[in-house]
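If you want the building blocks of each chain, they are given just below.
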Amino acid sequence: MTAADKQGRTILFHSPGSDKAWPVEIQKAFPAFKVCTQFADAEPGDVVAAVVWNPPPGMLEALPNLRLIQVVGAGVDKLLSNHLPEGVPIARLVDPGLVARMTEYVLMHSLALHRQMPDLQRAQRERRWTYLHPTPPKRTCVGILGLGVLGMNCARSLSSVGFTVVGWSKSRKEELDFPCYAGPAELDQFKQQADIIVLLLPLTEETENLVDENFLATVKKGAALINVGRGKLVVDNALIEALDAGLLRHAILDVFRTEPLPVDHPFWDHPKITVTPHNSSSTHPATALNQVVGNIRRALAGEPPQNQVDPARGY
Ligand code: GLV
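Residues numbered from 1 in each chain as written. Predicted model: local features only at pLDDT ≥ 70, side-chain atom pairs only at ≥ 80, totals over all residues. Heavy atoms only, no water.

With that settled, consider the site of the ligand. Every residue lining the ligand is accounted for by Trp-53, Gly-73, Ala-74, Gly-75, Leu-98, Arg-230 and His-278. Between an oxygen atom of the ligand and a side-chain N or O atom of Arg-230, the distance comes to 2.9 Å. Contact between the ligand and His-278: an oxygen atom at 2.8 Å from a side-chain N or O atom of the residue. If the ligand stood free it would expose 190 Å²; the protein chains cover 83% of that surface. Here the shell around the ligand is composed, by residue class, of 3 nonpolar, 3 polar and 1 charged. (Near = heavy atom within 4 Å. Polar contact = N/O pair within 3.5 Å; in protein donor to acceptor, adjacent residues only side chain to side chain. Areas by Shrake-Rupley, 256 points an atom, 1.4 Å probe, with all protein chains shown as cover. Nonpolar A, V, L, I, M, F, W, Y, C, P; charged D, E, K, R; others polar.)

Next up on the list: the packing of helix H3 (residues 96–114) against helix H5 (residues 149–160). The geometry of a pair of packed helices is captured by two quantities: the angle between their axes and the separation between those axes. Taken N-terminus to C-terminus, the directions of H3 and H5 make an angle of 50°; their axes are 9 Å apart at the nearest point. In terms of orientation, H3 lies oblique with respect to H5. Crossing geometry of H3 relative to H5 is assigned as right-handed. Residues Leu-98, Val-99, Met-102, Thr-103, Val-106, Leu-107 and Ser-110 of H3 form the contact with H5, whose own contacting residues are Val-149, Leu-150, Asn-153, Cys-154, Ser-157 and Leu-158. (Axes fitted to C-alpha atoms, helices over the stretch in contact; angles between N-to-C directions. Helix = DSSP H or I, 4+ residues; strand = E, 2+ residues; numbered from the N terminus. Parallel < 35°, antiparallel > 145°, perpendicular 65-115°, else oblique. Left-handed = near helix turned anticlockwise from the far one by under 90°. Contact = heavy atoms within 4.5 Å.)

Turning our attention to the sheet that holds strand S8 (residues 180–182). The strand order across the open sheet formed by 7 strands is S8-S7-S6-S9-S10-S11-S12, and the pairing between neighbours is parallel. Single-partner strands in this sheet number two, and they are S8 and strand S12 (273–275). The mean inter-strand angle of the sheet, taken between neighbouring strand axes irrespective of direction, is 15°. Pairing of strand S10 (residues 223–227) with strand S11 (residues 248–253) involves 5 bridges; the strand directions are parallel. The residue bridging Ile-226 from the neighbouring strand is Ile-252, located in S11. Against the sheet, H5 touches strand S6 (141–145) and strand S7 (164–169), its axis set at about 170° to S6. (Pairing = 2+ DSSP bridges.)

Another aspect to go through is empty space enclosed by the protein. One pass over the structure, following the stated rule, counts 2 cavities of 30 Å³ or more. Of the voids in this model, the largest cavity is the one considered here, and its volume is about 50 Å³. Lining of the largest cavity is provided by Asn-227, Gly-231, Val-234, Asp-236, Leu-239, Leu-253, Val-255, Phe-256, Arg-257 and Phe-267. Residue composition of the lining of the largest cavity, grouped by class: 6 nonpolar, 2 polar and 2 charged. The space that makes up the second largest cavity amounts to roughly 30 Å³. (1 Å grid on protein atoms, 1.4 Å probe; cavity = no way out; pocket = protein on both sides within 12 Å on 5 of 7 lines; lining within 4 Å. Points joined across faces, edges and corners; volume = space filled by probe spheres on them.)

For Asn-295, the position within the fold is in helix H9 (residues 285–300). A polar side-chain atom of Asn-295 sits 2.8 Å from a polar atom in the side chain of Gln-70. Of note is the side chain of Asn-295, whose polar atom sits 2.7 Å from the backbone nitrogen of Gln-306. Ignoring any residue separated from it by four or fewer positions in sequence, one finds Asn-295 in contact with Leu-68, Gln-70, Ala-91, Pro-305 and Gln-306.

Structural data, given as structure tokens:
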């Protein structure tokens, strides 16, 4: 038996910012394994599974007997921009907790935009009593760009409180109970309807810089934007210009090209931008542990993981 045939007994957990319960719970599920939270503590040839968020470049390539790369999050753009070991399956999380938190965020900000909270807050700061008539949510169309698990759940929830919803995705989705557009040719039709545009697309070569000057020139006048996808979906200067020119009325931004958002970035004090620190949602062991444990078991049994990423597609 060669060293490569022998199955290792180490699980590497590398996600310094995550809930500390993760490695503890993984260890409980795999008592016969060593769970390391530091690369330096692991014997590289013994690592069978790596559970990671934004691992340092080269770390995964240094693990010759790896059978699974499990990402503790939904987006894999950062991971895929690394050199990765050939042929090792990558899995992302589809965590019901992450879906629920994201849905709350999108719903909360859609309601706030629909009820004109940015204008009311501005009026308060200026001590102006500005009566703005409330209208039913049906009159506000929320357009969701990206109809994966997150986008679909947001659509359902927005519809249930009465919003008009439209969607757009790369490939056509059938049998939805709201209008859905597909592919670049139908993006304008989508934009002509959306009063609030929610970005929930994965970051890929095709979606990077999608929201640029051209995109913003043809949105419905006075639309608002919520970006909970990735910062690089949006061209920062183009967004500021569109807000200043009144093409857009407000932007809610949770994700940025550089995170943390640099202190001197103009987004911080732009009157028509709300900044949140990439906390629209997150993954927790309580709702996602079973999936991670299940995928490690699958990898040990030589089976493909659930929610496997297609690196060529980028998600
Ligand atoms: C967070 O941004 C994630 O992709 O899970």
